[in-house]
Amino acid sequence: MRLVTMIAVFLVVSANAVAHPSVRVSHRCHVPRLTGLVLNVARSRAAHSGCRLRVKGAALEAPQVQTVERQSPARGERSPEVTVWLNPLCHGSAAYGPGFNEPLLTAGPTELVSGFYLDGGPLARFSDRGCKRPGPPPGAGTVEVANASGTLVGTETSTYGHLITIPLPPGSYTITGTFLGATINGVHPRISESVVVPPGETVRQDFFLSIP
């Protein structure tokens, strides 16, 4: 009797499977945020959430460096799979400046704005869609401003992460920057630049110290 019952149950299950051949159990994970992460971390986070990961976009060269530009589906949705698009692998100097041509003139108060930057160093790897990096923070330094006759008309000192701003009358000036955050043979390097400050213009002129 028991054997007959088991056979009957098996036949009922088999009949249901035949009647509904398209029924499948689908696994849907809770999609985590992957955008902005390096690929190695994105893979780990996706695996922890139980998501399959597909990688598209730039060629995969360094998963420990390359970052995820975007993902689909978005964070918080449910899906069996997440697709990410990679940013390319980029190269550049470890130390660099703000990345625009100087002197830079913009409409505004008649004044001088200066920062201190190291330029050069070993080659560094980073990841960005357009291979652009954010502007680095300026270093510490002192700016001295002399007018056309050589008279000192302004001096300001900055700390790390801050620019120097000096209001000036329109005119031609020689500005000298002393790098307080660097030394060469025990001496803080000094660099001089000539600038013209027009009326109603803000002049951005930074100081750059090349390093090997």
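Before any of the text, the structure's been laid out above.
Now for a look at the structure at hand.

Cut-offs and rules
Residues numbered from 1 in each chain as written. Predicted model: local features only at pLDDT ≥ 70, side-chain atom pairs only at ≥ 80, totals over all residues. Heavy atoms only, no water. 1 Å grid on protein atoms, 1.4 Å probe; cavity = no way out; pocket = protein on both sides within 12 Å on 5 of 7 lines; lining within 4 Å. Points joined across faces, edges and corners; volume = space filled by probe spheres on them. Helix = DSSP H or I, 4+ residues; strand = E, 2+ residues; numbered from the N terminus. Nonpolar A, V, L, I, M, F, W, Y, C, P; charged D, E, K, R; others polar. Core = buried A, V, L, I, M, F, W, Y, C linked by side-chain atoms within 4.5 Å. Buried < 20%, exposed > 50% of the residue type's maximum accessible area, 1.4 Å probe, protein only. Contact = heavy atoms within 4.5 Å. Pairing = 2+ DSSP bridges. Axes fitted to C-alpha atoms, helices over the stretch in contact; angles between N-to-C directions.

## Focus: the layout of surface pockets
1) Next: Taken as a whole, the largest pocket encloses approximately 220 Å³ of empty space.
2) Next: In terms of lining residues, the largest pocket is bounded by 15 residues, among which Phe-116, Tyr-117, Leu-118, Pro-137 and Gly-139 are the most central.
3) Next: Those elements that place two or more of their residues in the lining of the largest pocket are strand 6 (89–95) and strand 9 (116–127).
4) Next: When the residues that make up the lining of the largest pocket are grouped by side-chain class, the tally is 13 nonpolar, 2 polar and no charged.

## With respect to the nonpolar core
1) Next: Val-143, Val-145, Leu-168 and Ile-175 are the most contacted members of the largest nonpolar core, which totals 16 residues.
2) Next: For this core, the leading source of residues is strand 13 (residues 171–179), giving 3 residues.
3) Next: Residues within four places of Leu-168 in sequence aside, it is in contact with Thr-110, Glu-111, Leu-112, Val-145, Val-153, Tyr-173 and Val-197.
4) Next: Leu-34, Ala-42, Cys-51 and Leu-86 belong to the second-largest nonpolar core, a separate cluster that totals 12 residues.

## What about the sheet that holds strand 7 (residues 104–107)?
1) Next: Spatial strand order, 7-15-8-12: 4 strands in an open sheet with mixed pairing. Strand pairing shows two members of the sheet lacking a second neighbour, strand 7 and strand 12 (164–167), which therefore form its edges. Pairwise comparison of adjacent strand axes, ignoring direction, gives a mean angle of 20° for this sheet.
2) Next: Sheet analysis places strand 7 next to strand 15 (residues 201–204), joined by 4 bridges and oriented antiparallel.

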